[in-house]
Amino acid sequence: MNPLRKKNGSLGKKLKGALTDLSVDIFGYEKMVTKNIINQTGGFSERLQIPQERLYIRIFQKGHIIKSFLYDQSKPIIAIPTGELPYFFMEEQLASLGDYKNKVAFSIKKYLKEFSDANRIDEESVCIWIHVKDNKVNVRAFQGEEFIKALPLNSLIKYFK
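Residues numbered from 1 in each chain as written. Predicted model: local features only at pLDDT ≥ 70, side-chain atom pairs only at ≥ 80, totals over all residues. Heavy atoms only, no water.

Colleague: Sorry, what's going on with the overall build of the chain here?
Modeller: Secondary structure summary: the chain contains six helices and six strands in total. When the helices and strands of the chain are placed in sequence order, the string is α-α-β-β-β-α-α-α-β-β-β-α. Taking all 161 residues of the chain together, the buried fraction comes to 39%. Contacts spanning at least 24 positions in sequence make up 49% of the contacts within the chain whose residues lie at least 6 apart. Of the roughly 10400 Å² that the chain leaves accessible, carbon and sulfur atoms contribute 54%. (Helix = DSSP H or I, 4+ residues; strand = E, 2+ residues; numbered from the N terminus. Buried < 20%, exposed > 50% of the residue type's maximum accessible area, 1.4 Å probe, protein only. Contact = heavy atoms within 4.5 Å. Areas by Shrake-Rupley, 256 points an atom, 1.4 Å probe, with all protein chains shown as cover.)

Structure below.
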């Protein structure tokens, strides 16, 4: 048995695994969504006089209805109407159209369903937390209050294109 062949096989598997998560944002969509999320949370920060780093957006499904809340760390402070979520994920002109407001709720449901299926958990127990720190958007998935994993922003926003 040739020892070089075995090494190349494992290297090939590693490269293949690395490339499956590689994506290119040729249209700048992720950059635009990042800017929107930073601007939206910044607006909440100014209005509520709470540092942006303490704010979290939590999105989940309850009784087949998408819910989203703004939290000051672990304390809920205001509900974010589902119709306002497009402003986080789309250009303002598109976000203001009624069709896209409905599409966002459907897209979030689809994302939560696929995520829960892939992780073998109940979709109503999944909660997506979005947080801005040092001008970077962090997305994390939780089952209730238990951390599941960090998510790349593009895995979430691809449902809104």
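Colleague: I keep staring at the sheet that holds strand β2 (residues 65-72) and nothing clicks. Help me out?
Modeller: Through backbone hydrogen bonds, the strands of a sheet pair up, either in parallel or in antiparallel fashion. The strand order β3-β2-β1-β4-β5-β6 describes an open sheet built from six strands, whose pairing is antiparallel. Strands with a single pairing partner mark the edges of an open sheet, and in this sheet they are β3 (75-79) and β6 (146-151). For this sheet the average axis-to-axis angle between neighbouring strands, irrespective of direction, equals 30 degrees. The pairing of strand β1 (residues 55-62) with strand β4 (residues 126-133) spans five bridges and is classified as antiparallel. Bridge pairing in β4 links Phe60 to Cys127. (Pairing = 2+ DSSP bridges. Axes fitted to C-alpha atoms, helices over the stretch in contact; angles between N-to-C directions.)

Colleague: How should the side chain of Ser116 be read in this particular structure?
Modeller: Examined against the element boundaries, Ser116 turns out to sit in helix α5 (residues 98-119). With relative accessibility at 1%, the residue Ser116 sits in the buried group. Separated by 2.9 Å, the side chain of Ser116 and the backbone oxygen of Lys113 make a polar contact. The contacts of Ser116, once residues within four sequence positions are left out, are Ile121, Asp122, Glu123 and Val126. (Polar contact = N/O pair within 3.5 Å; in protein donor to acceptor, adjacent residues only side chain to side chain.)

Colleague: What am I meant to see in empty space enclosed by the protein here?
Modeller: Gaps left between atoms are located by rolling a probe of water-molecule size over the structure's atoms. With the rule as written, the count across this model stands at one cavity of 30 Å³ or more. Residue composition of the lining of the largest cavity, by class: six nonpolar, no polar and no charged. (1 Å grid on protein atoms, 1.4 Å probe; cavity = no way out; pocket = protein on both sides within 12 Å on 5 of 7 lines; lining within 4 Å. Points joined across faces, edges and corners; volume = space filled by probe spheres on them. Nonpolar A, V, L, I, M, F, W, Y, C, P; charged D, E, K, R; others polar.)

Colleague: Where do I start with helix α2 (residues 29-48) in this structure?
Modeller: Working note: α-helix, 3.6 residues per turn, so residues spaced by three or four point in the same direction. Taking 1.5 Å as the rise per residue, α2 with 20 residues should run 28 Å; its terminal C-alpha atoms sit 28 Å apart, in good agreement. Phi turns positive one or two residues past the end of α2, at Gln49, with a value near 55 degrees. (Expected span 1.5 Å × (residues − 1).)

Colleague: So what exactly am I meant to see when it comes to the packing of aromatic side chains here?
Modeller: The description of an aromatic ring pair uses the distance of the two centres, along with the angle that the planes make with each other. Applying the stated criterion across every chain yields a total of five aromatic pairs. When the centroid spacing of 5.8 Å and the interplanar angle of 70 degrees are considered together, the rings of Tyr56 and Trp129 count as edge-to-face. One end of the pair, Tyr56, is in strand β1; the other, Trp129, is in strand β4, with 73 residues separating them in the sequence. For Trp129, a relative accessible area of 13% puts it in the buried group. (Phe/Tyr/Trp six-rings, centres within 6.5 Å; stacked < 30°, edge-to-face > 60°.)

Colleague: Help me understand the side chain of His131 in this model?
Modeller: Tracing the chain through its elements places His131 in strand β4. Apart from residues lying up to four places away in sequence, His131 is in contact with Glu53, Leu55, Tyr56, Lys136, Val137 and Asn138.

Colleague: Got a minute to help me understand the confidence of the model for the chain in this structure?
Modeller: Predicted coordinates in regions of low pLDDT should not be interpreted in detail. A residue-level look at the chain finds 81% of positions with pLDDT of 70 or above and a mean pLDDT of 83. Segment residues 2-7 is flagged for pLDDT under 50; beyond a separation of four residues in sequence, or across chains, it makes zero contacts in the model. Residue range residues 14-22 is modelled with pLDDT below 50. Its contacts to residues more than four positions away, or to other chains, number zero contacts. (pLDDT = per-residue confidence, 0-100.)

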